[in-house]
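# Commentary on secondary and tertiary structure
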Amino acid sequence: MISEDAKALMNYIKALINDEQLGVLPEKFAEDDEFQELDQAMREIRDFSLALGNGNLSHDIYGSGIVVKSMESFQKQFKYFAAKAYDIIPQGLSISDKRSFDFSDIFDSMNQQIEHSIKKFTESCENFEMIFRNIPDATVIISMEDRKVIAVNQTFLEITGLSEEEVIDQHVNILQLGMSDTEFNDAYDEFEQRKYYKNIETTYKNKLNEEFFWNISLKIITIGGAECMLTVIRDVTAIKELEKKLRESEERHRLLIDNAGDIISTVNLKGEFTYISPSVEKITGYTVDEVMNHYLEINYFLPDALKVMKKTLEIINRMVKSGQHFNSVQFEQQQFHKDGTPIFTDTIMSGIYDEQNQFKEILGVTRDITEKVKLRDEIIKLSETDKLTQLYNRYKLDDALEREFKRSKRTQSPFAVILLDIDHFKQVNDIFGHQAGDVILKEMADVFKKSIRATDIVGRWGGEEFIFILPETNEDGAMLLAEKIRMRISTTHFSHPQKITGSLGVSVYRGDRAIGTIISRADQALYAAKHNGRNKVRMI
């Protein structure tokens, strides 16, 4: 059995540890100096624990010994944590004391912040997936580690006739990108070293045995910390077919040359014809006599071409008089057939010298290149034009923006940009199908062409988003045109559905240092238009 004094001491210590109200130290022990020192240390530990429980880190603890020193160390570490925790509290969290507060506030705020970040991340992923799905070029993402397909977009599936189930998580060789396994492995090994690969030309046959010409570009990207290969496949079948026609046209021209189909002429230093071959009538419709003796009266050469030839003749005269040989001169020009049809010719002028190396005359060989020019113009148009809408594509638009930006920067003249996004276009594709969506895009392009001025430029920026570039246009002019476009869209009867609306964001040049700043403002304005109910025009 323990003594009454020991029981009293035990009750005091239990109250010191467990009870809110502190008991009275038994009188017998209150007179003991060593016990008073121990009592003081326990009271310090008790007071410190109570202060810490209330979130108060400013309470000082006094005493010696391993427990007190450990609590002092814990207090310092917790103060540091509290300071760091306070620094990361969002601005909107209301806390009365910077260093004394309920830490649940911090964790609640952190939880809100994490939930907000997760929401934003989810939205970003959804936006990325939407953009990826609607990229006009076929696009594939492949894991660098195991060479398996991670993702493909809709364009790739449409061209190849494959389904997602047939390609996702399959080895890249299943895609049969127009290369043998050996060719692909060699290209892959080189790609791993260079981290990019541009303009790989291949041919591809899809499930329907349709042949395509592809131009493939590869680049390393990082997704979730893992390296992946971004593969962008451009369908250049139409360009290749035009190139084939161009080669065939050139071959035909070479055959004509061999058979004297070109116009052969000689000219003296005064610029007078001394000879012209009969083929001139076949190419231009004019007789030899009309060209040799009346070329000025019949406007055989256009004014600009006459100026060039006059200047060239002056240079040739100076060189001949100084005893110099002149190199061949080549130039293209537009002329008109006798029936009024425009034609294009390519002429090579060179010197005719006798056995003593003395200049005699100028020899001209003129070839009809009308078809070549038309094909060349078609190739240029194809490279600058969106295949579906026949509006300018992103490549041409970037060039036009850069030129207009430099011009405005140089002359301080205004220009404006309008970004337009078709409202609820995803629902059109989901309800009516992608073919119906394509028809809507084509019809929308016709609306745009009828709405803008001759000096304005419109093109497909990507997916269902379009951009208008407006030279010499201030804020008022840009807003008027944007509202005109919005109204025309909302009043137009489309195929399926008949009613479509668009949201527009307007931005003008304000002495900006980069074109990206102007585009960014237009994008923000477009977001504001959509956020405020769609079918709106906004400017920032």
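Residues numbered from 1 in each chain as written. Predicted model: local features only at pLDDT ≥ 70, side-chain atom pairs only at ≥ 80, totals over all residues. Heavy atoms only, no water.

### Section: the overall build of the chain
Check the secondary structure of the chain and you find 18 helices and 15 strands. When burial is assessed residue by residue, the chain has 38% of its 540 residues classed as buried. Contacts in the chain between residues at least 24 apart in sequence constitute 51% of all its contacts with a sequence separation of at least 6. Here the chain has roughly 32,400 Å² of accessible surface; of this, 52% comes from carbon and sulfur atoms. (Helix = DSSP H or I, 4+ residues; strand = E, 2+ residues; numbered from the N terminus. Buried < 20%, exposed > 50% of the residue type's maximum accessible area, 1.4 Å probe, protein only. Contact = heavy atoms within 4.5 Å. Areas by Shrake-Rupley, 256 points an atom, 1.4 Å probe, with all protein chains shown as cover.)

### Thoughts on the packing of helix α16 (residues 434-451) against helix α17 (residues 475-491)
Close contact between α16 and α17 brings their axes to 10 Å; oriented N to C, the two are set at 140°. Here α16 is positioned oblique relative to α17, judged by the angle of their axes. In the packing of α16 onto α17, the handedness of the crossing is right-handed. Facing Met-444, Val-447, Phe-448, Lys-450 and Ser-451 of α16, the residues of α17 in contact are Leu-481, Lys-484, Ile-485, Arg-488 and Ile-489. Here the contact of α16 with α17 is composed, by residue class, of six nonpolar, one polar and three charged. (Axes fitted to C-alpha atoms, helices over the stretch in contact; angles between N-to-C directions. Parallel < 35°, antiparallel > 145°, perpendicular 65-115°, else oblique. Left-handed = near helix turned anticlockwise from the far one by under 90°. Nonpolar A, V, L, I, M, F, W, Y, C, P; charged D, E, K, R; others polar.)

### What about the packing of aromatic side chains?
Two descriptors summarise a pair of aromatic rings, namely the distance from one centre to the other and the angle between the planes of the rings. In total, this model carries 10 aromatic pairs according to the counting rule given. Note on Tyr-286 and Tyr-300: the rings are 6.2 Å apart at their centroids and 70° apart in plane angle, and the pair reads as edge-to-face. Remark: Tyr-300 occurs in the loop between α11 (288-294) and α12 (303-321) and Tyr-286 occurs in the loop between α10 (279-284) and α11; sequence separation between them is 14 residues. Residue classification places Tyr-286 among the buried positions, given a relative accessible area of 10%. Taking the relative accessible area as the measure of exposure, Tyr-300 reaches 5% and is therefore buried. Between Tyr-300 and Phe-301, the aromatic rings sit 4.8 Å apart at their centres with planes inclined by 80°, giving edge-to-face as the arrangement. When its relative accessible area of 11% is taken as the criterion, Phe-301 is described as buried. Through a chain of ring-to-ring contacts, the aromatic side chains of Phe-273, Tyr-286, Tyr-295, Tyr-300 and Phe-301 assemble into a single cluster. Above the face of the Trp-461 ring, Arg-394 is positioned so that its terminal group lies 3.6 Å from the ring centre. (Phe/Tyr/Trp six-rings, centres within 6.5 Å; stacked < 30°, edge-to-face > 60°. Lys NZ or Arg CZ within 6 Å of the ring centre and 35° of its normal.)

### A look at the pattern of salt bridges
In this structure the tally under the stated criterion is 16 salt bridges. A salt bridge links Glu-332 to Arg-376; the shortest N-O distance between them is 3.1 Å. Placement of Glu-332 in strand β8 (residues 329-336) and of Arg-376 in helix α13 (residues 370-384) is noted, with a sequence separation of 44 residues between them. For Glu-332, a relative accessible area of 40% puts it in the partly exposed group. One salt bridge connects Glu-472 with Arg-407, and the closest N-O pair in it is separated by 2.9 Å. Within this pair, whereas Glu-472 is found in the loop between β13 (465-471) and α17, its partner Arg-407 is found in helix α14 (residues 394-411), the two being separated by 65 residues in sequence. Connected through salt bridges with shared partners, the residues Glu-404, Arg-407 and Glu-472 form a single ionic network. (Salt bridge = Lys/Arg side-chain N within 4 Å of Asp/Glu carboxyl O.)

### Quick word on unusual backbone geometry
Geometrically, the link from His-496 to Pro-497 is a cis peptide bond, its omega value of -5° lying close to zero. Looking at the element boundaries, Pro-497 is found in the loop between α17 and β14 (502-508). Located in the positive-phi region is Asn-299, a residue other than glycine, with phi close to 55°. On the accessibility criterion, Asn-299 (54% relative accessible area) is exposed. At Gln-390, a position not held by glycine, the phi torsion is positive, near 65°. Of note, Gln-390 is situated in the loop between α13 and α14.

### Here we look at the sheet that holds strand β6 (residues 263-267)
With respect to topology, five strands assemble into an open sheet ordered β7-β6-β10-β9-β8, the strand pairing being antiparallel. In this open sheet, the two edge strands, each paired with only one partner strand, are β7 (273-276) and β8. The average angle at which neighbouring strand axes cross in this sheet is 25°, direction not considered. Its contacts with the sheet place α13 against β8, β9 (342-353) and β10 (359-368), and it is angled at close to 120° to β9. (Pairing = 2+ DSSP bridges.)

### As for a negative patch on the surface
The grouping of Asp-32, Asp-33, Glu-34 and Glu-37 at the surface amounts to a negative patch. What makes Glu-34 exposed here is its relative accessible area of 66%. (Patch = residues over 30% accessible without salt bridge, like charges linked within 9 Å, V, L, I, M, F, W, Y side chains within 5 Å. Lys, Arg positive; Asp, Glu negative; His and termini not counted. Charge placed at Lys NZ, Arg CZ, Asp CG, Glu CD.)

### A few points about α17
Compared with the 24 Å implied by 1.5 Å per residue over 17 residues, the 24 Å span of α17 between its first and last C-alpha is a close match. Among the residues making up α17, those that are buried are Ala-478, Leu-481, Ala-482, Ile-485, Arg-486, Ile-489 and Ser-490. Contact partners of the buried residues in α17: β11 (415-422), α16, β13, β14 and β15 (537-539). (Expected span 1.5 Å × (residues − 1).)

### Observations regarding the pairing of strand β4 (residues 211-223)
Note: β4 against strand β5 (residues 226-235), 10 bridges, orientation antiparallel. Residue pairing for β5: Ile-223 is matched across the bridge by Ala-226. Linking β4 to β5, which pair antiparallel, is a turn of two residues; within it Gly-224 sits at a positive phi near 60°.

### So, the layout of surface pockets
Its boundaries defined by the atoms lining it, the second largest pocket holds a volume of some 420 Å³. Along its surface, the second largest pocket is lined by 23 residues, and Val-267, Gly-271, Phe-273, Phe-301 and Met-309 are the ones closest to its centre. Contributing elements (two or more residues each) for the lining of the second largest pocket: β6, β7, α12, β8, β9 and β10. Of the residues contributing to the lining of the second largest pocket, the split by class is 14 nonpolar, seven polar and two charged. (1 Å grid on protein atoms, 1.4 Å probe; cavity = no way out; pocket = protein on both sides within 12 Å on 5 of 7 lines; lining within 4 Å. Points joined across faces, edges and corners; volume = space filled by probe spheres on them.)

### Structural notes on the environment of Lys-409
Topologically, Lys-409 is positioned in helix α14. Residues Lys-409 and Tyr-509 lie 100 residues apart in sequence; the distance between their C-alpha atoms is 8.8 Å. Once residues lying within four places of it in the same chain are set aside, the contact partners of Lys-409 are Tyr-509 and Arg-513.

Purely geometric stuff here, so don't read any function into it on its own.
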